[in-house]
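Tertiary structure, described
Next come the chains, spelled out residue by residue.
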Amino acid sequence: MSQLELDPVTAPVSPPRRAGRRARTSAFWLALPLAVAAVAVFVLPLTGLLPDGGQNLDATRQPPAFLAGGSWAHPLGTDKLGQDLLTQFVSAGRLTIVIGLVGALVAIGPGTLLGLLAGYFRGWVDRVISILIDAQLALPFILVALAIIANRGSSLPVLFLVLALTGWAVCARVTRAATLAIRERQFVVGLRAAGASEPRIVFRHILPNLAGTIVALGTLQVGTAILVESALSFLGLGVVPPMNSWGSMLASGQDELSQAWWIAFFPGLAITVLVLLVNLLGDALLTHHDPRKRRR
Amino acid sequence: MSEVTETGVPGDLARHPRTPESDTPVLEVDDLVVEHRDGGTGTLFRAVDQVSLRIAAGESVAVVGESGSGKTTLAMAATGLGPRGRGDIRLLGHSLSAVSRTQLRRLRPEVQVVFQDPHGSLDPRQSVRSGLRELRALQPERTSWIDDADLLGRVRLAPDLLDRYPHQLSGGQAQRVCIARALLMRPRLIVADEPTSGLDVSVQADVLALLRQIRATTGAALLMISHDLAVVRSLCDVVHVMYRGRVVEAGPCDRVFGTPENDYTRELLAAMPGARWRSRR
C-alpha cells in the first residue's frame, strides 16, 4: 500500500505482481506440450501419414523401429494381430483426452454448483450437501464404478456418469470453503445494500472470484479422470473394443509383456507423462490463484 | 479539527438534489437482541442485548465501545444487512419484520455502508467503472442524478481512476471509491463502520472531512461505529457507549464526554486521552 498519500489522485499503481507472473509463465510452458499433443492426436489421422491400421498376420508383434528387427513401416511396432501400434496409439490418445476433458467437466459442473449453494446459503442446504460430500468421499470409487458398470454395462455415457460421481465431491468441498470465505467479504454486504439479488451476488460476483480456483481444480480433475479411466479400462470396465484408449491398450498389452513389452510400454508412458503435465499445470494455476500467494 | 475541513475538502461539493428533512426518524430500534450460536459448543452468545436506538433525519449518531462489544453486529442487524435478531426495527418508518422481500430491496439503498477495509468492500474483479455501472443498473432512477466523473469529483478523485481495479488503488483511494458508491445511492443513512481504522494517519483526516462534508451537503444521517473517541467527538451529535452487548450510556457527545455517568464510559475516556483534551470546534 502506498505510504505517499500526498496527492491521492496520482498515487502510483501497485508494483507488478512478480509471483503471479512467474506462475503464469510456468503454466504456459506446461500447457504448450499438452496443447501440441492434443492437436497432434486430432490432426495426425487426417494427414494420411499414419500407417494403415489393418490386421497383418504376417507381421505380428513387430518391435518398434529403433529396436533390432523393427522397421519404419511400423514406427511403434505391431500387436499380436499385426495391427500398427502408432495408429492405435494416436486414436487411443484422442479418446483418452476427450474422456479427460469431458470427465472433468461433468465432475466440476455439479461440484461447483453444489459447493456454491452450500457455502452461500449455509443452514440446512449446507448440512445436506456436506453430508453428501462426506459420504461420497468415504466410498471407494472402484466400488461405485463396479456397482454402476455391473448394472449398466460399459459405455461412454456410463463412464462419464462414474467420473462425475467420483469427482464432484472434491470440487464441491473446495468450492464450498472458498465461497464461505468470499461471502463474508464486505463487498457482498455492500451489494446487498445496493439491492442486488441473491442469484446476482452468487453468479456475478462470487463465481467470477472463484473462477481461477475452479479452472485449476478442473485441470487437476482432467488428470484424475484419465487415471480413473485407465484403471477402469485396465480392469476391463472402461473403454471396450472397438474403441480404444491408452488404458485399454495397456490392458491388452499386459499378457504380452514377456514377448512384446512395447505394446503396453508406450501407452503407459503416455498416461504417466500426460497426467504429470496436467497435474503440474493444475498446481501452477492453483498457486497463481491462491489468495495467500497473491498480492492485493 | 475544524481546520481539517478547510484543507481536506474543497468547498465545491455541489448541493445534493434531495432534501431529506422529514419527521420520520431514519432508524428506530427497540429492544434489539441478537444472539449467535457457537458452532462448536452450541452455546448461545448474546452479541447485542436489549439495545434501543433512534436516529432522526440528518442526525449523526455514534456507537463506541471496545472490540467485540457488539457495535458492528448492532449496525448490521439494525439496517437489515446482517443477522436480524429479535426486537422491532423501523427503517424510515417501515418495520423490517413486516416488509416484503421486494419492499426490502427497495428500502435497502436508503442505507449505505462504508466499511473498515476499503479493499474488501470492492469486488476485486470489477473496475471502478463497471462497479458503478452495476449499481446504476440495480437502481436506475436513484442513480441517474450524477455521472461517473462528477461523482468521483465529489470524493476528490480524478476520473482516470475509473478504469482501475481495486488492487491498483491505494487504501485512501479505495475508501473514497467506497464513499462515492454509497453517495451514488443518495442514502438517507450512511453507516460508517470504523471507516478510518484501516487507513494511514494522513488519509484518515481527509476521509473524515469528506464524510463531514457529505453529511453537510446531502443531509444524510450518519451512524458512526468507532472506538476512536476523538473521531466521534468531531463528527457526531449523539453517542451510545456499548459494553458487552449493552448500551451502558447514551446522550449528546458533549454531555457524555464532559460528565460521564457510567464507570465503563469513564474508563474508556481515561484510556483515550485525546477525547478529553481535544475541544470540540
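Conventions adopted
- Starting afresh in each chain, residues are numbered from 1 along the sequence in its written order.
- Here every chain gets a letter starting at A, and every ligand a number starting at 1, in the order they are written.
- Given that the model is predicted, a residue must reach a pLDDT of at least 70 before its local features are reported, and side-chain atom pairs must reach 80 or more before they are shown or counted; all residues, however, enter totals for whole chains, interfaces and linings.
- Heavy atoms throughout the structure, all of them, feed into the side-chain values; hydrogens and water do not.
- In summary, the pairing rule links any two rings of Phe, Tyr or Trp, Trp by its six-membered ring, whose centres are within 6.5 Å, and it sorts them by plane angle into stacked for under 30 degrees, edge-to-face for over 60 and tilted for everything else.
- Helix and strand assignments come from DSSP, with helices taken as H or I runs of at least 4 residues and strands as E runs of at least 2, each series counted from the N terminus.
- Criterion for a charge above a ring: Lys NZ or Arg CZ within 6 Å of the ring centre, and within 35 degrees of the ring normal.
- Throughout, a contact is declared for two residues whenever any of their heavy atoms are within 4.5 Å.
- For this analysis, a salt bridge means a side-chain nitrogen from Lys or Arg found within 4 Å of a carboxyl oxygen belonging to Asp or Glu.
- A 3.5 Å cut-off defines polar contacts: any pair of N or O atoms within that distance qualifies, except that in protein one atom must be a possible hydrogen donor and the other a possible acceptor, and neighbouring residues in sequence count only when both atoms are side-chain atoms.
- In this classification, the charged set is Asp, Glu, Lys and Arg, the nonpolar set is Ala, Val, Leu, Ile, Met, Phe, Trp, Tyr, Cys and Pro, and all remaining amino acids, among them Gly, are polar.
- Accessibility here uses a 1.4 Å probe with only protein chains present; expressed as a share of the type maximum, an area under 20% marks a residue as buried, one over 50% as exposed, and anything in between as partly exposed.
- When DSSP finds two or more bridges between a pair of strands, those strands are recorded as paired.

The subject of this paragraph is the packing of aromatic side chains. Residues and elements named next belong to chain A. Per the counting criterion, the structure on display carries seven aromatic pairs over all chains. Taken together, a centroid distance of 5.1 Å and an interplanar angle of 25° make the contact between Phe89 and Trp246 stacked. Here Phe89 is found in helix α2 (residues 85–121), whereas its partner Trp246 is found in helix α8 (residues 246–253), with 157 residues between them in sequence. Clustering of aromatic rings is evident, with ring pairs tying together Trp261, Trp262, Phe265 and Phe266. Seen from the ring of Tyr120, Arg183 lies directly overhead, with NZ or CZ sitting 5.2 Å from the centre.

What follows concerns the interface of chain A and chain B. Counting from both sides, the interface comprises 30 residues of chain A and, opposite them, 38 residues of chain B. Between chain A and chain B we count one salt bridge in total. A salt bridge links B:Glu134 to A:Arg200; the shortest N-O distance between them is 2.6 Å. Counting every contact that joins chain A to chain B gives 10 residue pairs in polar contact (both at pLDDT 80 or more). Looking at the side of chain A that touches chain B element by element, the count peaks at seven residues for helix α6 (residues 186–193) of chain A. Here the side of chain A that touches chain B is built from residues that sort into 12 nonpolar, 10 polar and eight charged.

Residues and elements named next belong to chain B. Mapping Thr73 onto the fold places it in helix α2 (residues 71–78). Remark: the alpha-carbon pair of Thr73 and Gly245, spanning 172 residues in sequence, is separated by 9.1 Å. With sequence-adjacent residues up to four places away left out, Thr73 is seen in contact with Val34, His36, Ala47 and Val48.

Turning next to the pairing of strand β7 (residues 189–193) of chain B. Taken residue by residue, a regular strand's side chains alternate between the two faces of the sheet. All names here are of chain B. Judged by how many residues are buried, β7 sits mostly within the fold: five of five residues are covered. The alternating pattern of β7 places Leu189, Val191 and Asp193 and Ile190 and Ala192 on opposite faces, both of which are buried. Bridge count for strand β6 (residues 111–114) against β7 is four bridges, and the pairing is parallel. Its bridge partner lying in β7, Val111 is registered against Leu189.

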